[in-house]
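Structural description and commentary
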Amino acid sequence: MSVADRLQVIVQSTSSEIHYEGDWEASVNDRTISGNVMTVPEGKQGSLLYELSGTSNARAHGILRDFDRDTYESFKLYCEINPHETATRIAMLDSIGSFWTSDPSFTFLCEVDNLNPSSNYTLSITLQSLGSPAVWFDSVLFDPAPTRSLDNDRILMDHRHLMIQYDSGWTLDFGNSAHLTNSTGSTMKLDFNGTSLKWYTINYSRFSNATQNSEARWKVDDLEPQPFVVPAPSTNDTGTYQHLLFEVSGLSPGLHHLEVTHQGDESTWPLTLSNLIIQNALPDPNLPPTSTDIQQPTLNPTTNTHDSQSGSDLSAGEKAAIAVSTCLVVLTLCGALFYIWRRRSLGSTAKLEKDSEHQNDADNSTQTSPPVSISARPPSLPLLSIAHSSSKGTPVMIHDQTTASTSVYDYPHEPVSSCPSSKHGAPVTLQRIYQSDIDAPPPYVGRSPSEIDASSNVEPSR
């Protein structure tokens, strides 16, 4: 494998850069590079188109079921590159197997070489199924030219790439299939730009005779180290295909530092690295850098179920206590905020009601006159009272400006007037307490004492 082959661009089958025509069906296959494959059902035909540049080669990776004569008779496969130049070489199903696994069903469906890195090409693959599906498309891979930008590409990095730094505890398998270590504390380091990383391992029986699982930790930037289990392979898994050992995802775009430390020893299965898949991503230059660029990565739940439970630093009881304490703090804070809000709301409501009452009182005082009291007479009128009689029997009226007797004003509707004078000059008293005047309806007529006495046949007193 050349130095250029140690770093390849991956175009997954689910990429939006691949255009599908015809009848294609998708399915999941976690043993492939993409994790998903595309095929054409029986009696159907489909084509895929991919435009590429900045490379001298391209390979369509996939799966071929039962590599025998009967398989060839169940499908038809066509591969084209446009424009087609004289030096361009095209091969279909030229080799059995691939670098990804020793399983012969994994292979390159189509290979194109001798392309001009400065030219643009269109790769076209057509699949026709004559029987049950026998071919599945996985991905397109190509070696990028040195001048090609990899800012947002998904790349496949071989374990021998010079960017990977191993310490002295690591060795290269004599078959060049992987780097491995069984030394306690040995480390691997890598600086990369991207948002995710996957670590793949491949196992061969020649690596070790150990049957026990090993342990290791990975750490990204300043985040807490994450433990994971290095499983010892079963007899059927040895050397079959690459295993996803762990996955880091959810990183912010930009530069990150990965460090992996082996914690096993010679009695456990060695930690091995075959390939890394990295999703490149650079930070947006138009956005200012922040102190929160690094996000907490997530683990692949299918490969870290065991180690996430056994390697946790906190017990289940401690985690439950932390969760309960957090909930109590949040509830207490919410209760305090609700109490403050309620007090303020009630205070505002009481103030508004008090102001409203004051305003209503003011309005009533201006719009409604108070009831007239019998003793409350207009200040412009003299207040009268009967003080005593004169020597001639005529009552004397005394003008009192301060007090009034209610006996004179028994009827509120009785008109109030100034006291008239008789023809003799003596004042006339308004009298209504005589027997002859009780049944007379109001208003009562004012008469002089002489007239009253004459009508009663009583001689007036001398």
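Residues numbered from 1 in each chain as written. Predicted model: local features only at pLDDT ≥ 70, side-chain atom pairs only at ≥ 80, totals over all residues. Heavy atoms only, no water.

1. Here's the deal with the sheet that holds strand β19 (residues 226–230)
What counts, and what does not: Following DSSP output, two strands are said to pair if at least two bridges run between them. Working definition: helices are DSSP H or I runs of at least four residues, strands are E runs of at least two. Numbering for both runs from the N terminus.
Read from one edge of the open sheet, 5 strands run β13-β16-β21-β18-β19, paired in antiparallel fashion. Here the strands that pair on one side only, and so sit at the sheet edges, are β13 (165–166) and β19. Pairing geometry for strand β18 (residues 214–220) and strand β21 (residues 255–262), over 5 bridges, is antiparallel. Bridge assignment links Val220 to a residue of β21, and that residue is Leu258.

2. Some words on the environment of Val112
To keep it simple, the criterion reads: Type-normalised accessible area, obtained with a 1.4 Å probe on protein chains alone, sets the label of each residue: buried when under 20%, exposed when over 50%, and partly exposed for intermediate values. Residue contacts follow a heavy-atom distance rule, with two residues in contact if any of their heavy atoms lie within 4.5 Å.
Checked against the element boundaries, Val112 lands in strand β9 (residues 106–113). According to the relative accessible area criterion, Val112 is buried, its value standing at 1%. With 33 residues separating them along the chain, Val112 and Cys79 place their C-alpha atoms 9.1 Å apart. Excluding anything up to four places from it in sequence, Val112 contacts Ser56, Asn57, Ala58, Ile81, Thr88, Arg89, Ile90 and Leu123.

3. Some details on unusual backbone geometry
Residue Pro83 is reached from Asn82 by a cis peptide bond, and omega for that bond is -5 degrees. Relative to the helices and strands, Pro83 is located in the loop between β7 (75–82) and β8 (89–92). In this structure, Asn114 takes a positive phi of about 65 degrees despite not being glycine. Its location among the elements puts Asn114 in the loop between β9 and β10 (120–129). Its relative accessible area of 47% is what places Asn114 among the partly exposed residues. The backbone of Asp221 shows a phi angle near 55 degrees, a positive value even though the residue is not glycine. Tracing the chain through its elements places Asp221 in the loop between β18 and β19.

4. Some words on the nonpolar core
Filter applied, for reference: Among buried residues, the Ala, Val, Leu, Ile, Met, Phe, Trp, Tyr and Cys ones that are joined through side-chain atoms within 4.5 Å form a nonpolar core. The domain boundaries here were taken from an automatic or database domain assignment.
Membership of the largest hydrophobic core comes to 62 residues, with the highest contact counts inside it found for Trp199 and Leu276. Split by domain, this core shows at least three residues from each of two domains, domain 1 (7–148) and domain 2 (157–280). Sequence-distant contacts of Leu276, that is, excluding residues within four places in its chain, are made with Ile155, Leu156, Met157, Ile164, Met188, Leu190, Leu197, Lys198 and Trp199. Grouped together as the second largest cluster of nonpolar side chains are 11 residues, Val37, Phe106, Leu156 and Ile277 included.

5. Considerations on the pairing of strand β23 (residues 275–279)
Most of β23 is tucked away: 5 of the 5 residues are buried. Residues of β23 alternate between two faces, with Asn275, Ile277 and Gln279 on one and Leu276 and Ile278 on the opposite face, all of them buried. The pairing of strand β12 (residues 154–158) with β23 spans 5 bridges and is classified as antiparallel. Counted as the bridge partner of Ile155 is Ile278 from β23. Across 5 bridges, the pairing between strand β17 (residues 196–201) and β23 is antiparallel. Its bridge partner being in β23, Lys198 is matched across the sheet by Ile277.

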